[in-house]
Amino acid sequence: MAPPPASATSSLSISSLSKLAPLTPLFLKLLNPPMSSSRRYFLSRELKREWDQPPKNMRPPGSVPIKDYAIETPLKKSSEEEIFHEVKINFDPKSSIAAINFVLKDEETGAWYQHRGRDFKVPLVDYLLNDSNVVGAKRGFNIWPGAFLRKMLLKAKELPSKDQESSSGSKDVKQESRQVEGFYEEQPITKQVVIQNLITVSVTKCPKTAKNLLYLETDISGEVVLHWGVCRNDAKNWEIPAGPYPSETTVFKDKALRTLLQPTDGGNGCSGLFTIDQEFVGFLFVLKLNEKTWLKCKENDFHIPLSSSSSMHAQPGQGQYEGQLVSEKTLEENQAVPRTPHSKGIINEMRNLVSDISSSRKTKTKEAQEGILHEIEKLAAEAYSMFRSSIPTLTLTEKAVSESEPPETPKICSGTGTGFEILFQGFNWESHKSGRWYMELKEKVLEISSLGFTVIWLPPPTESVSPEGYMPKDLYNLNSRYGSIDELKDLVKSLHEVGLKVLGDAVLNHRCAHFQNQNGVWNIFGGRLNWDDQAVVADDPHFQGRGNKSSGDNFHAAPNIDHSQDFVRKDLKEWLCWLRDEIGYDGWRLDFVKGFWGGYVKDYMDTTEPYFAVGEYWDSLSYTYGETDHSQDAHRQRIIDWINATNGTAGAFDVTTKGILHAALGKCEYWRLSDHKGKPPGVMGWWPSRAVTFIENHDTGSTQGHWRFPSGKEMQGYAYILTHPGTPTVFYDHIFSHYHFEIASLIALRNRKKIHCRSTVKITEAERDVYAAIIDEKVAMKIGPGHYEPQSGSRRWSLAIEGNDYKVWEAS
């Protein structure tokens with residue numbers, strides 16, 4: 001069980017003072033801002049949506065013009081003692097300025113804080129058209145939900161009475177309508193901060209008293225208070241158990257107990273030992289680090305079941321709090337797994353094979369001996385699988401503890417599947433040219449399955465202006481250059497029959513129109529989804545949309561769809577559900593998700609409940625004078641931010657890892673593969689369960705070659721991603737090439753050693769010419785021309801796979 005990442009919550013306060021002042025001051029304050037913060041803001045004049053630079057008398061000191069439409073202003077402390085950072089803006093109520101638009105920028109990471117992907121807007125008049133971004137004293141103001149904007153406080157200041165207003169003389173009616181009430185607005189903004197810590201919870205039964213003995217240990221140092229209690233059933237209602245309690249324990253409001261955890265030996269953490277009566281079925285807790293910092297399980301309490309003895313180990317991560325609880329009943333009683341007739345047959349067959357290879361070392365060829373060893377290996381894997389399935393397991397997720405399920409089938413969440421997924425991209429940039437790709441791929445179904453893949457990603461299925469499928473037109477027409485709808489159904493059925501899950505490539509950001517408007521612009525759609533130009537974003541200069549501003553980057557080659565429109569989201573959800581039910585897709589690969597807010601993706605994922613989902617958030621890495629920066633924290637943070645916006649319902653392709661591999665392997669700079677904390681430097685180092693790793697795809701490789709992996713180094717790349725956490729992806733062109741056997745061997749090793757998306761990585765070398773790591777203490781690997789051999793200690797290492805500048809060992 002891993003604690004959630006601590007969130008340094010920044011509270012944005014916006015206030016307007018008396019409207020009678022000649023120049024009304026407006027304050028923006030930020031509580032606990034990032035290390036370095038600036039604010040970029042714009043002005044709206046009257047009811048227009050254009051952004052203009054404010055007049056000079058409104059520009060706070062230190063402001064810098066941004067082109068011709070904005071200024072950037074740093075936030076400053078009002079005093080050394082203050083924890084608020086603020087800026088004061090003076091505005092003239094008599095001017096034609098209607099509102100201030102702004103966003104916040106974290107200079108350290110480059111992240112922008114907005115509202116649902118759009119700018120904040122502070123009204124300076126009270127007759128603005130309805131706009132969901134408005135903050136402050138606007139009539140009809142609504143509280144909006146959001147992943148980062150969770151609560152809102154609105155406090156109107158005392159206004160002058162009507163008598164006071166009348167005594168001040170007559171006023172122009174229009175001018176009066178321009179006046180805005182004084183207000184105070186507080187809006188939380190969260191910045192994710194990774195906590196690289198570990199919590200271990202072990203539960204055993206006392207043989208004398210039959211009570212549960214629970215031992216909790218964490219490597220978090222300092223004064224850590226455990227706020228805890230127990231529960232009697234699945235309702236998880238907190239109760240205070242009977243004593244004895246650990247030292248430094250107090251009662252909190254007759255509902256819970258608070259225990260100060262004691263420092264462990266060496267002072268590198270703290271721990272506590274708790275005795276719980278057997279009548280209780282669960283142990284509930286949260287961790288309190290200080291008055292403002294509580295560690296919870298995504299807004300929920302941590303829950304440890306006590307119905308059977310269990311233990312759980314947590315790994316650090318960002319946004320993941322899953323662990324595995326294994327019943328210790330079998331361990332306590334030291335019982336062997338019951339031998340079924342099938343298991344007895346496996347044991348006898350393995351004994352015969354071992355005897356065969358032992359008695360014939362001199363007479364059999366090396367190839368024959370390797371064949372026997374391979375058969376033994378397969379039987380051992382099957383026996384281990386039987387052993388795993390015979391042990392009751394419980395999976396602790398972010399929300400609750402689910403019932404026992406076989407380890408091969410449980411679905412953790414839409415972002416990860418089971419956690420043991422290996423993804424295969426089942427096409428390249430040229431696949432459409434045959435006109436019958438679905439049928440060609442169907443001929444390879446058994447081979448793809450036998451290689452050990454669990455999920456296959458198919459090309460976009462819809463009618464498209466471009467033959468590759470990424471310029472969709474009529475979404476419900478699935479007769480494409482890859483084949484007909486019936487051939488697609490037949491292919492998906494065949495893939496399901498061999499146990500493969502199927503991802504559909506969903507292009508949601510843009511759509512090609514059927515008709516032109518009165519100006520000759522293509523922005524009117526036909527087919528079943530006959531949208532007009534209200535479905536197109538307003539700020540793409542090419543397509544004259546009448547929707548709202550885009551919540552992301554514009555694609556420009558086709559009309560960008562406005563996902564803020566209710567009818568658009570409704571239609572797209574119905575279409576995705578139709579694809580799921582009609583074709584049989586199990587999940588989604590989402591194209592160009594940088595073009596729209598991740599919160600809309602959450603809506604689509606919540607509706608379709610995919611087995612696995614991954615978004616293509618393609619962003620440029622950080623460079624200095626043309627050289628790749630060592631730290632790519634800002635780049636991976638932007639991908640993490642998108643995943644966070646989806647609430648973790650989808651993973652993302654780990655573009656950061658691909659880019660760093662390019663620099664490391666291409667220039668023999670393997671030191672790049674360790675960040676400043678000794679972790680993998682890509683998304684997999686921060687949130688491995690949502691990192692979908694890859695080295696090539698139809699855009700970067702194939703005949704497009706937009707960002708081709710360093711030539712001749714492909715197997716080093718696969719040796720890295722197929723041994724490391726995250727969900728690895730193998731490109732079609734590579735598996736059906738001379739790399740086939742080497743990739744297949746790495747996949748077999750990953751499956752055999754049960755490496756998964758949350759596996760632990762210990763980097764042992766990150767030098768100029770060699771990178772080496774040990775994964776889950778079961779696999780050791782190295783890439784690069786330099787020398788490395790894993791040290792033999794408590795375990796023996798045997799070389800499993802070797803190729804050009806890479807080696808992989810497995811623990812005996």
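Reference entry: report on the structure contained in this document. Only a predicted model underlies this, so the values are computations on that prediction, with no experimental measurement involved.

What about helix H13 (residues 714–721)?
In terms of residue burial, H13 counts as a mostly covered element, since 8 of its 8 residues are buried. Taken residue by residue, H13 has Glu714, Met715, Gln716, Gly717, Tyr718, Ala719, Tyr720 and Ile721 as its buried positions.

Quick look at the pattern of salt bridges
A complete count under the given rule lists 32 salt bridges for this structure. Across the pair Glu582 and Lys489 runs a salt bridge whose closest N-O atoms are separated by 2.6 Å. With Glu582 in helix H9 (residues 566–583) and Lys489 in helix H8 (residues 485–497), this pair connects stretches of sequence that are 93 residues apart. Judged by relative accessible area, which is 34%, Glu582 ranks as partly exposed. Here Glu497 ties to Lys493 by a salt bridge, and the two come within 2.7 Å at their closest N and O atoms. Of this pair, Glu497 and Lys493 are both found in helix H8, 4 residues apart, which corresponds to roughly one turn of the helix. The residues Glu497 and Lys493 share a single accessibility class, namely exposed.

Some thoughts on the nonpolar core
Grouped together as the largest cluster of nonpolar side chains are 116 residues, with contacts concentrated most on Phe453, Leu458, Tyr718, Tyr771 and Ile783. Element by element, the count of residues in this core is highest for H9, at 6 residues. In contact with Tyr718, other than residues within four places in its own chain, are Ile695, Thr723, Thr729, Val730, Phe731, His734, Ile743 and Leu746. Counting residues in hydrophobic clusters, the runner-up holds 24 residues, among them Leu216, Leu226, Phe274 and Phe283.

Examining the pairing of strand S40 (residues 779–783)
Counting buried residues in S40 gives 5 out of 5 residues, a clear majority hidden from the surface. Neither face of S40 is left uncovered, since the one carrying Val779, Met781 and Ile783 and the one carrying Ala780 and Lys782 both have all their residues buried. Bridge analysis of strand S39 (residues 771–775) against S40 gives 5 bridges, and the strand direction is antiparallel. By the bridge assignment for S40, Ala773 is matched with Met781. If you look at the hairpin formed by S39 and S40, you'll find 3 residues sitting between the two strands, and Asp776 has a positive phi there, around 55°. As paired strands, S40 and strand S42 (residues 806–811) are joined by 5 bridges and run antiparallel to one another. Bridging from a neighbouring strand, Ala780 pairs with Trp809 of S42.

What to know about helix H10 (residues 598–608)
When H10 is considered as a whole, its buried residues turn out to be Gly598, Gly599, Tyr600, Val601, Tyr604, Met605 and Thr608. Buried residues along H10 sit against H9, strand S31 (587–590), strand S32 (612–615) and helix H11 (633–645). Phi for Glu609, located one or two positions after H10, is positive at around 50°.

Looking at the sheet that holds strand S41 (residues 797–803)
One open sheet accounts for 5 strands, arranged S38-S39-S40-S42-S41; its pairing is antiparallel. Edge positions in the sheet fall to strand S38 (761–766) and S41, since each of these pairs with one other strand and no more. Put simply, the sheet's adjacent strands are angled 15° from each other on average, direction ignored.

What about the packing of aromatic side chains?
On inspection of all chains with the given rule, the structure shows 26 aromatic pairs. Seen in terms of ring centroids, Trp618 and Phe694 are 6.2 Å apart; in terms of plane orientation they differ by 50°. Their pairing is tilted. Of this pair, Trp618 sits in the loop between S32 and strand S33 (623–624) while Phe694 is found in the loop between strand S36 (691–693) and H13, placing the two residues 76 residues apart along the sequence. We classify Phe694 as buried; its relative accessible area is 2%. Taken together, a centroid distance of 5.5 Å and an interplanar angle of 80° make the contact between Trp618 and Trp707 edge-to-face. Of the two residues, Trp618 is situated in the loop between S32 and S33 and Trp707 in the loop between S36 and H13; the sequence distance between them amounts to 89 residues. You can call Trp618 partly exposed: its relative accessible area is 31%. Of the aromatic side chains, those joined through ring pairs into one cluster are Trp228, Tyr245, Phe274, Phe283, Phe285 and Phe302. Across the ring face of Phe736, the terminal group of Lys444 is positioned such that the distance to the ring centre comes to 5.5 Å. Just above the ring of Tyr611 sits the side chain of Lys501; from NZ or CZ to the centre is 4.9 Å.

About the criteria used
Residues numbered from 1 in each chain as written. Predicted model: local features only at pLDDT ≥ 70, side-chain atom pairs only at ≥ 80, totals over all residues. Heavy atoms only, no water. Buried < 20%, exposed > 50% of the residue type's maximum accessible area, 1.4 Å probe, protein only. Helix = DSSP H or I, 4+ residues; strand = E, 2+ residues; numbered from the N terminus. Salt bridge = Lys/Arg side-chain N within 4 Å of Asp/Glu carboxyl O. Core = buried A, V, L, I, M, F, W, Y, C linked by side-chain atoms within 4.5 Å. Contact = heavy atoms within 4.5 Å. Pairing = 2+ DSSP bridges. Axes fitted to C-alpha atoms, helices over the stretch in contact; angles between N-to-C directions. Phe/Tyr/Trp six-rings, centres within 6.5 Å; stacked < 30°, edge-to-face > 60°. Lys NZ or Arg CZ within 6 Å of the ring centre and 35° of its normal.

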